[in-house]
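Next come the chains, spelled out residue by residue.
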Amino acid sequence: MKIFIDSGSIDEIKKAAASGVIDGVTTNPSLIAKEGKDFKTVIKTIGELFDTEHSAHCECPVSAEVVSIAAKEMIVEAKKIAKIHKKVVVKIPLIPEGIKAVKELSGLGIKTNVTLCFTAAQALLAAKAGATYVSPFIGRLNDIDQRGLDLIREIKQIFTNYDIKTQILAASIRSPRQVVEIALIGADVVTIPYKVFEKLFNHPLTDKGLKQFLADWDQYKKTQ
Ligand code: G3P
């Protein structure tokens, strides 16, 4: 399973990328707005960050979202966004106009990530339009007392049934356990906020065990 960072912060993305285990980045208008910097500059900088010899092995797509809501305008905006950097994937909201735009953009060879997906029926429409990725939002479903992971399960089953190539990009992630559950179901990608990424490394027994190993080693060295 690929791991993307869901952030508009260059600092967070740099820190996560330094681990060597990040496969891409997703942003959204809220994340970009939070940083208060120029959209184009931020997306270009992220693209360049993953376009080095160290990232040569990695496709490392960078999702950047349109803010138009009519297909015609979305297509114009998507073409401009796609030109910011070769790693850019254009994020399109899952509304009827968005699906129309995705159909046209996929015909033009522009990669898309269909966002704000909350049902398997919506995911099927995104796939039929030729989306590269579809982003089901787990945390936001859980927030309204629905089962986010069931959505991933349903989409996985449908995409497997019909050998659909659109990648399942699980989004709106709140905890490391959700990442594990998503991997068990078999999503292609999970995109996680930096705070959750940091938590993936942690277990108190790892810290305790390391402390003990180092203390025992110190004692042993004194006897040599
Ligand atoms: O970027 C899309 C998604 O991951 C947003 O997550 O935490 O705002 O529900 P969240």
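Anyway, here's the lowdown on the structure attached to this text. If you're wondering where the values come from, they're calculated on a predicted model, not measured in any experiment. (Residues numbered from 1 in each chain as written. Predicted model: local features only at pLDDT ≥ 70, side-chain atom pairs only at ≥ 80, totals over all residues. Heavy atoms only, no water.)

### Observations regarding the site of the ligand
Then, in step 1: Residues in close proximity to the ligand include Asp6, Asn28, Lys91, Phe137, Arg140, Ala171, Ser172 and Arg174, which together make up its full environment.
Then, in step 2: Here an oxygen atom of the ligand sits 3.4 Å away from a polar atom, N or O, in the side chain of lysine 91.
Then, in step 3: Arginine 140 is positioned such that a nitrogen or oxygen atom in its side chain is 2.7 Å from an oxygen atom of the ligand.
Then, in step 4: In the complex, the protein chains occlude 83% of the 310 Å² of accessible area that the ligand would expose alone.
Then, in step 5: Here the residues of the shell around the ligand are counted per class, giving two nonpolar, two polar and four charged. (Near = heavy atom within 4 Å. Polar contact = N/O pair within 3.5 Å; in protein donor to acceptor, adjacent residues only side chain to side chain. Areas by Shrake-Rupley, 256 points an atom, 1.4 Å probe, with all protein chains shown as cover. Nonpolar A, V, L, I, M, F, W, Y, C, P; charged D, E, K, R; others polar.)

### Observations concerning the pattern of salt bridges
Then, in step 1: In total, this model carries eleven salt bridges according to the counting rule given.
Then, in step 2: Linking arginine 147 and aspartate 150 is a salt bridge whose minimum nitrogen-to-oxygen distance equals 3.9 Å.
Then, in step 3: When the shortest N-O distance is used, the salt bridge between arginine 177 and glutamate 181 registers 3.1 Å. One end of the pair is arginine 177 and the other is glutamate 181, both in helix α9 (residues 176–185) and four residues apart, which spans about a single turn.
Then, in step 4: Note on glutamate 181: relative accessible area 23%, which makes it partly exposed.
Then, in step 5: Because the salt bridges share partners, they merge into one network encompassing Arg147, Asp150 and Arg153. (Salt bridge = Lys/Arg side-chain N within 4 Å of Asp/Glu carboxyl O. Helix = DSSP H or I, 4+ residues; strand = E, 2+ residues; numbered from the N terminus. Buried < 20%, exposed > 50% of the residue type's maximum accessible area, 1.4 Å probe, protein only.)

### Let's talk about the packing of helix α1 (residues 10–17) against helix α3 (residues 39–49)
Then, in step 1: Contact pair α1 / α3: the axes reach a minimum separation of 11 Å and the direction vectors enclose 10 degrees. Judged by the inter-axis angle, α1 sits roughly parallel to α3. Counting all contacts with α1, which are made through Ile10, Ile13 and Lys14, the residues of α3 involved are Val42, Thr45, Ile46 and Leu49.
Then, in step 2: Among the residues forming the contact of α1 with α3, the class breakdown is five nonpolar, one polar and one charged. (Axes fitted to C-alpha atoms, helices over the stretch in contact; angles between N-to-C directions. Parallel < 35°, antiparallel > 145°, perpendicular 65-115°, else oblique. Contact = heavy atoms within 4.5 Å.)

### Considerations on the packing of helix α6 (residues 120–128) against helix α8 (residues 148–161)
Then, in step 1: Where α6 contacts α8, the axes come no closer than 9 Å and their chain directions differ by 40 degrees. Considered as vectors, α6 and α8 are oriented oblique to each other. Like other packed secondary-structure pairs, α6 and α8 cross with a definite hand, here right-handed. When α6 is examined against α8, the residues Ala120, Ala123, Leu124 and Ala127 are found in contact with a partner set consisting of Leu151, Glu154, Ile155, Ile158 and Phe159.
Then, in step 2: Split by residue class, the contact of α6 with α8 holds eight nonpolar, no polar and one charged. (Left-handed = near helix turned anticlockwise from the far one by under 90°.)

### Some thoughts on the side chain of glutamate 77
Then, in step 1: Topologically, glutamate 77 is positioned in helix α4 (residues 71–82).
Then, in step 2: Although glutamate 77 is buried, it forms no salt bridge, and the closest oppositely charged side chain is lysine 80 at an N-O distance of 8.4 Å.
Then, in step 3: At 2.9 Å, the side chain of glutamate 77 and the backbone nitrogen of valine 67 are in polar contact.
Then, in step 4: With residues near it in sequence (within four places) discarded, glutamate 77 still touches Glu65, Val66, Val67 and Ser68. (Lys, Arg positive; Asp, Glu negative; His and termini not counted.)

### A short note on the sheet that holds strand β4 (residues 88–93)
Then, in step 1: Around the barrel, which closes on itself, the eight strands sit in the order β1-β2-β3-β4-β5-β6-β7-β8 with parallel pairing between neighbours. This sheet shows a mean twist of 30 degrees between the axes of neighbouring strands, independent of strand direction.
Then, in step 2: As defined by bridge partners, β4 adjoins strand β5 (residues 112–117) across four bridges and the pair is classed as parallel. Opposite valine 90, over in β5, you have threonine 112 as the bridge partner. (Pairing = 2+ DSSP bridges.)

### Examining the environment of glycine 148
Then, in step 1: Topologically, glycine 148 is positioned in helix α8.
Then, in step 2: Given the relative accessible area of 0%, glycine 148 is considered buried.
Then, in step 3: Sequence-distant contacts of glycine 148, that is, excluding residues within four places in its chain, are made with Ile138, Leu141 and Asn142.

### Quick word on the state of the cysteines
Then, in step 1: Under the definition given, this model contains one disulfide.
Then, in step 2: Bridging cysteine 58 to cysteine 60, the disulfide has an S-S length of 1.7 Å. Its torsion about the S-S bond being 115 degrees, the disulfide of cysteine 58 and cysteine 60 is classed as right-handed. Comparing cysteine 58 with cysteine 60 shows no difference in burial state: the two are buried. (Disulfide = S-S within 2.5 Å.)

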